[in-house]
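Examination of the molecular architecture
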Amino acid sequence: MTPEKAMPALEIIDGKEEGFHRTIFNGYCAFNAKFFPDRPAGQELAIALRDPQTGKAIGGLTGHISGGWLVIELFFVPDEFRDLGLATRLITKAEEEAIRQGCHSARLDTHNPKAMHLCRRLGYVVFGELDDYPVRSSRTLYLRKKLG
């Protein structure tokens, strides 16, 4: 007779638990490798924007590389450092790293009109939209770009 497995508990956490994102990401990649054995394993990508005085991370870009795609999840530049071209530099650096790792395309989403303008200027094109997200009477746009 097989012993009954205990059911895992569900718990809402603050997202700051050490290694939590890495655990989910690694599990996701390993599971999908069964279905796409020829696709390289995914890896996280993070580019820090550091305070010039303290060296502390104050912004940057996060995403991942998987299956020949760069997926930009978040990018942020603090107000006091805006209009210096840093968002462009963050995205460009991420694209350069993705190309170095063999990526053919990139994707991201935004609901910020200023970010949308930047992304279009960098060659991203809209391939979809979601109305009323993140709030009613707004929309999120999904963009992609061919790399290389």
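The structure displayed is predicted, hence computed values, not measured ones.

1. Describing the nonpolar core
- Leu 61, Leu 70, Ile 72, Val 77, Ile 91, Tyr 124 and Leu 143 are the most contacted members of the largest nonpolar core, which totals 26 residues.
- Listed by contribution, the elements that provide at least two residues to this core are β1 (43-50), β2 (57-66), β3 (69-76), α2 (86-100), β4 (105-110), α3 (113-121) and β6 (139-146).
- At six residues, α2 tops the list of elements feeding residues into this core.
- The contact partners of Tyr 124, leaving out residues within four places of it in the chain, are Ile 72, Ile 91, Glu 95, Ala 106, Leu 108, Cys 119, Leu 143, Arg 144 and Lys 145.

2. Notes on the sheet that holds β6
- Reading across from one edge, β1-β2-β3-β4-β6-β5 is the order of the six strands in this open sheet, with mixed pairing throughout. What marks the edges here is a single partner per strand, and that holds for β1 and β5 (125-131). Averaged over neighbouring strand pairs, the angle between their axes works out to 20° when direction is ignored.
- Judged from the three bridges that link them, β3 and β4 form a sheet pairing that is parallel. Of the residues in β4, the one forming a bridge with Val 71 is Arg 107.
- Together, β1, β2 and β3 form the strand contacts of helix α1 (residues 20-33), whose direction differs from that of β1 by roughly 150°.
- In the packing of α3 onto the sheet, contacts are made with β3, β4, β5 and β6, and the angle to β6 comes to roughly 15°.

3. Here we look at unusual backbone geometry
- Going from Tyr 133 to Pro 134, the amide bond is cis rather than trans, its omega being 10°.
- Relative to the helices and strands, Pro 134 is located in the loop between β5 and β6.
- Its identity as a non-glycine residue notwithstanding, Asp 83 has a phi of 65°, on the positive side.
- For Asp 83, the location among the structural elements is in the loop between β3 and α2.
- On the basis of relative accessibility, which here comes to 69%, the residue Asp 83 falls in the exposed class.
- Despite not being glycine, Ser 137 has its phi angle at roughly 65°, a positive value.
- In this structure, Ser 137 sits in the loop between β5 and β6.
- For Ser 137, a relative accessible area of 74% gives the class exposed.

4. A closer look at the packing of aromatic side chains
- The tally for this structure, following the rule as stated, stands at one aromatic pair.
- Here Phe 127 and Tyr 142 contribute two aromatic rings whose centre-to-centre distance is 6.4 Å and whose plane-to-plane angle is 55°, an arrangement assigned as tilted. One end of the pair, Phe 127, is in strand β5; the other, Tyr 142, is in strand β6, and 15 residues separate them in sequence.

5. Comments concerning the pairing of β1
- By the bridge criterion, eight bridges tie β1 to β2 in an arrangement that is antiparallel. The partner of Gln 43 across the bridge, within β2, is Ile 65.
- Where β1 hands over to β2, the hairpin turn is made up of six residues, of which Gly 55 adopts a positive phi near 80°.

Reading the values: the criteria
- Residues numbered from 1 in each chain as written.
- Predicted model: local features only at pLDDT ≥ 70, side-chain atom pairs only at ≥ 80, totals over all residues.
- Heavy atoms only, no water.
- Core = buried A, V, L, I, M, F, W, Y, C linked by side-chain atoms within 4.5 Å.
- Buried < 20%, exposed > 50% of the residue type's maximum accessible area, 1.4 Å probe, protein only.
- Helix = DSSP H or I, 4+ residues; strand = E, 2+ residues; numbered from the N terminus.
- Contact = heavy atoms within 4.5 Å.
- Pairing = 2+ DSSP bridges.
- Axes fitted to C-alpha atoms, helices over the stretch in contact; angles between N-to-C directions.
- Phe/Tyr/Trp six-rings, centres within 6.5 Å; stacked < 30°, edge-to-face > 60°.

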